[in-house]
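# Close look at the chain arrangement
Chain by chain, the residues:
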Amino acid sequence: MIKAAGRAIIEKRNAILQHDGWEMTEASGLPFEETPPSSTDSEAMGGFVAVAKVGTIPEGQGRSFVVAGRQIAIFCRAGEYFATSDFCPHMGAPIADGYVDVDGGVVCPWHAWKFRLSDGCWLDNPKSKTRLECFPVRIHEGNIEIAIPQTATTPHDE
Ligand code: FES
């Protein structure tokens with residue numbers, strides 16, 4: 001039941017993104033913006049994996065990538081990079097399309113919930129357990145690298 005609900009959200013999201021002209025991958029049915037540097041799933045599970053070159057994500061914006069089967073958003077704010085799940089915890093919106101504000105938050109493009117990029121805290125209700133999932137980021141040899149824990153879950157795993 002929950003898996004079906006998650007799939008319905010993803011299909012709705014994909015329909016919106018296709019309508020907006022996003023390119024879709026055949027394997028996952030999920031959108032991607034650019035091909036990341038070469039990597040393997042085993043590299044991504046538990047270790048850092050290169051996702052994009054430094055400088056390819058404009059200041060104050062986010063971009064979406066598929067990493068180890070996960071849809072990941074990477075943001076550039078004040079020259080620093082942040083990685084989160086690209087599924088808003090509310091209804092699965094592509095958070096990479098959100099508005100990055102000067103306070104270090106990202107505002108969801110669908111219903112304007114706001115999350116702190118550094119830890120995923122839902123800034124509209126900071127005491128809530130609702131969080132935007134975040135991932136460690138490092139810069140290595142000119143690449144933006146992220147680490148996805150092996151225990152990370154997807155919205156349709158829950
Ligand atoms: S889907 Fe993000 S606030 Fe509703």
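Data block above holds the structure.
Residues numbered from 1 in each chain as written. Predicted model: local features only at pLDDT ≥ 70, side-chain atom pairs only at ≥ 80, totals over all residues. Heavy atoms only, no water.

Before going further, it helps to examine the pattern of salt bridges. Oppositely charged side chains are able to pair whenever their charged atoms sit close together. According to the stated counting rule, one finds five salt bridges in the structure shown. For K114, the salt bridge goes to D103, with nearest N and O atoms at 3.9 Å. In this pair, K114 sits in strand 7 (residues 114-116) while D103 sits in the loop between strand 5 (99-100) and strand 6 (105-107), placing the two residues eleven residues apart along the sequence. Residue classification places K114 among the buried positions, given a relative accessible area of 19%. Residue class for D103 comes out exposed when judged on its relative accessible area of 62%. Put simply, E145 and R138 hold a salt bridge, and the shortest N to O gap is 2.6 Å. (Salt bridge = Lys/Arg side-chain N within 4 Å of Asp/Glu carboxyl O. Helix = DSSP H or I, 4+ residues; strand = E, 2+ residues; numbered from the N terminus. Buried < 20%, exposed > 50% of the residue type's maximum accessible area, 1.4 Å probe, protein only.)

A separate point is the side chain of R63. Within the secondary structure layout, R63 lies in strand 2 (residues 61-67). Polar contacts involving the side chain of R63 include one to the side chain of Q61, which spans 2.9 Å. (Polar contact = N/O pair within 3.5 Å; in protein donor to acceptor, adjacent residues only side chain to side chain.)

Overall, antiparallel pairing links the four strands, which are arranged 2-3-4-8 in an open sheet. The open sheet is flanked by strand 2 and strand 8 (134-135), the only strands paired with a single partner. Bridging between strand 3 (residues 70-77) and strand 4 (residues 80-85) involves six bridges; their strand directions are antiparallel. Note on strand 4: the bridge partner recorded for A73 is T84. (Pairing = 2+ DSSP bridges.)

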